[in-house]
Amino acid sequence: MPLLVDTLNVLHVTGVLPPELAGPEPADLAGWIERSRYRRQKVSLVCDGQKPSRQSFSRGSLVTLIWTGSQKADDRIAALLESSSHPRQHIVVSSDRAVQRAAVRKGAKIIPSSTFLEHLVSDLRRTPIAQTPNRNVKLDDESVQKWLETFGLTGAKKPKGKKMNATNNTFDFDHPPADPVAACAHWFEQAKKLPLANPNAMTLSTVGADGHPSSRTVLLRGFDDRGAVFYTNRESRKALALAAHARAALLFHWDEHPIGRQINIEGAVSFTSDAESDAYWLTRPRESQISAWASAQSQPIANRAAMQEAQDAIEAKFAGKIVPRPPHWGGYRVALERIELWQGNQFRSHDRVVYTRAGSGWNIQRLCP
C-alpha cells in the first residue's frame, strides 16, 4: 500500500528540534525507509516548504520527495488522495489531527508518526549497512538513538523482561488498594505517555435485542466514581443494543512497551446529562460536529460521494453559525460495578485482581492468570 508521510510531523514528532540536535533531514529519512519494512512500498515524503539543494537517493528508490511550497501538508495530502483512483489503499503517516482528518475523509488508513519512527528504528538495528541501497545517507545508530531519546520515544531495543511486571510495577497485587478508581486513573495517565494516537481507546461490548453480542472501539471521555463516559450517536447500532440491554463491558488494552496492561470494566449504562453532553460537544472540532449531523450512523449508504454530499449540506445549513448538538447525539456512562486490573508478565505468569461493587465499598479478589 502506498504511503503518504507528513514528513515535518515525523521529524518533529513531539516538539521543535532543539538547536543542539539537528536531527535527520528528509533525505536521511528516505535512507532509513530503504532499510525498513517499507522499502518495497511506494513512499511519498510530503515536505512543507520549498525544495532544498540536498536530496540524496539511491537509484531505483521507491521513495519520492514532494515539496508543498506555500501549501500546507494536510492540504497537499488531501489533494493527493483526491487525485488517487484508490484513496482507500493509501496509508497516511502523521500525528497531526488536520492531516488525520483529511485521511479519514478519504478512507485512507493512518499510522501515527511515533509508531512509524519506531518501526524504522527497529528495522535499522536489524539491517546491516552493507545491505542498504543508499550509502550516502547518515546511518549512525548512536545519533538515531539520541534523537529518539530527546522525544522520549521507545525506539531503543526492548530488553527482555523489562515490561512492567511483578518486580517493577507500582500496583501491589498482593495488597491492592481498597478503591480501584484512583488506580485506574493512574494507569490512564501512564498510558498517555505511550506513543499512541488514542491511549484512551477502549473496546465497548454490548448485546442487542436479538441476543447477539457486538463490539466496537470508542474513546473514553470521562472517568470518576460514577463511571466511564463515552459519546456517540444515540440512534446507532450500539445505542439500540444499549436500549435493549442497558449493560456493557469495556476493555482497555495497552500492549506497548513498557506497560503491558488491561483494564476491564462492566456495569449498567445510563445517559449523561444534557449539560455534560453539551459541554463536551463544544470541545469537538467543527468538522466532527458536521459529521455527527450528517451521518445516520450504522445505516446503509450508497457510497462515499453520498456521505460527502450529506456533509456539504450540513455545512451549508450551519455556514457562519455555531453548530448545535444534535438531539440524537450524547453521552453514555458505564457504571463501575466490576473492575479488573491485569498486568502482563513473562511466561503467562500474569497478575490479576478484580473489584466487585458491594454497597458503598468493594469486594476484592486476586485471580489466577
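Residues numbered from 1 in each chain as written. Predicted model: local features only at pLDDT ≥ 70, side-chain atom pairs only at ≥ 80, totals over all residues. Heavy atoms only, no water.

Q: Would you mind showing me how to read the overall build of the protein chain here?
A: Counting its regular elements, the protein chain contains eleven helices and 15 strands. A total of 369 residues make up the protein chain; the buried ones form 44% of that total. Residue pairs at least 24 apart in sequence account for 63% of intrachain contacts in the protein chain once pairs closer than 6 positions are excluded. When the accessible surface of the protein chain is summed, it comes to about 19300 Å², and 53% of that surface belongs to carbon and sulfur atoms. (Helix = DSSP H or I, 4+ residues; strand = E, 2+ residues; numbered from the N terminus. Buried < 20%, exposed > 50% of the residue type's maximum accessible area, 1.4 Å probe, protein only. Contact = heavy atoms within 4.5 Å. Areas by Shrake-Rupley, 256 points an atom, 1.4 Å probe, with all protein chains shown as cover.)

Q: Honestly, the pattern of salt bridges in this entry has me stumped. Any pointers?
A: If charged atoms from side chains of opposite charge come close, those side chains can pair. Under the counting rule described, the total for this entry stands at 14 salt bridges. Residue aspartate 174 pairs with arginine 366 through a salt bridge whose shortest N-O separation is 2.7 Å. With aspartate 174 in the loop between α6 (141–150) and α7 (180–191) and arginine 366 in strand β15 (residues 361–367), the pair connects residues that are 192 residues apart, well separated along the chain. Its relative accessible area of 41% is what places arginine 366 among the partly exposed residues. A salt bridge links aspartate 351 to arginine 366; the shortest N-O distance between them is 2.2 Å. Here aspartate 351 is found in strand β14 (residues 351–358), whereas its partner arginine 366 is found in strand β15, with 15 residues between them in sequence. Several salt bridges converge on common partners, so that one network encompasses Asp224, Arg226, Glu276 and Arg333. (Salt bridge = Lys/Arg side-chain N within 4 Å of Asp/Glu carboxyl O.)

Q: Sorry if this is basic, but what is going on with unusual backbone geometry here?
A: Among all residues except glycine, the phi angle is most often negative; among peptide bonds, the trans geometry is most common. Here the phi dihedral of serine 298 falls at roughly 80°; this positive angle occurs in a residue that is not glycine. Along the chain, serine 298 falls in the loop between α10 (286–294) and α11 (304–317).

Q: How do you make sense of the packing of aromatic side chains when you look at a structure like this?
A: Evaluation of the coordinates by the stated rule reveals 15 aromatic pairs. Aromatic side chains phenylalanine 171 and phenylalanine 173 sit 4.7 Å apart centroid to centroid with 65° between the ring planes, which places their arrangement in the edge-to-face category. The exposure classification of phenylalanine 171 matches that of phenylalanine 173, with both residues buried. Both rings, one in phenylalanine 230 and one in tyrosine 332, keep their centres 5.4 Å apart while their planes meet at 15°; by these two values the pair is stacked. Here tyrosine 332 lies in strand β12 (residues 329–334) and phenylalanine 230 lies in strand β9 (residues 227–233), a separation of 102 residues in the sequence. In terms of burial, phenylalanine 230 and tyrosine 332 fall into one category: buried. An aromatic cluster of three or more residues is present, and its members are Phe188, Phe223, Phe252 and Trp254. Geometry around tyrosine 332 places arginine 234 over its ring, the cationic atom sitting 5.7 Å from the centre. (Phe/Tyr/Trp six-rings, centres within 6.5 Å; stacked < 30°, edge-to-face > 60°. Lys NZ or Arg CZ within 6 Å of the ring centre and 35° of its normal.)

Q: Hey, could you run me through the nonpolar core in this one?
A: The nonpolar side chains of soluble globular proteins are, as a tendency, buried together. In terms of nonpolar packing, the biggest core is built from 34 residues, with Phe223, Trp254, Ile263, Ile265, Ile339 and Leu341 touching the most fellow members. At six residues, α7 tops the list of elements feeding residues into this core. With residues near it in sequence (within four places) discarded, isoleucine 263 still touches Cys184, Trp187, Phe188, Leu250, Leu251, Phe252, Trp254, Ile339 and Glu340. Core analysis: the second largest hydrophobic core is formed by 20 residues, Leu3, Val63, Val93 and Leu117 among them. (Core = buried A, V, L, I, M, F, W, Y, C linked by side-chain atoms within 4.5 Å.)

Q: Honestly, the sheet that holds strand β3 (residues 63–67) in this entry has me stumped. Any pointers?
A: Two orientations exist for strands paired in a sheet by backbone hydrogen bonds: parallel and antiparallel. Spatially, β3-β2-β1-β4-β5 is the arrangement adopted by the five strands of the open sheet, whose pairing is parallel. This sheet does not close on itself; its edge strands, each paired only once, are β3 and β5 (109–111). Sheet twist, expressed as the mean angle between neighbouring strand axes with direction ignored, is 25°. Running over the sheet, helix α3 (residues 73–83) touches β1 (3–6), β2 (43–47), β3 and β4 (91–93) and is turned about 170° from β1. Sheet strands in contact with helix α4 (residues 97–105) are β1, β4 and β5, and its direction is about 155° off that of β5. (Pairing = 2+ DSSP bridges. Axes fitted to C-alpha atoms, helices over the stretch in contact; angles between N-to-C directions.)

Q: Hey, could you run me through the environment of arginine 40 in this one?
A: You can see arginine 40 is positioned in the loop between α2 (26–33) and β2. On the accessibility criterion, arginine 40 (68% relative accessible area) is exposed.

Q: Help me understand the packing of α3 against α4 in this model?
A: When two helices pack together, you describe them by how their axes are tilted relative to each other and by the distance separating the axes. Remark: α3 packs on α4, axes separated minimally by 9 Å, with the N-to-C direction vectors making an angle of 10°. The orientation of α3 with respect to α4, classified from their angle, is roughly parallel. The handedness of the crossing between α3 and α4 is right-handed. Between α3 and α4, the contacting residues are Asp74, Ile77, Ala78 and Leu81 on the first element and Ala98, Val99, Ala102 and Ala103 on the second. (Parallel < 35°, antiparallel > 145°, perpendicular 65-115°, else oblique. Left-handed = near helix turned anticlockwise from the far one by under 90°.)

Any functional reading would require information beyond the geometric quantities listed.
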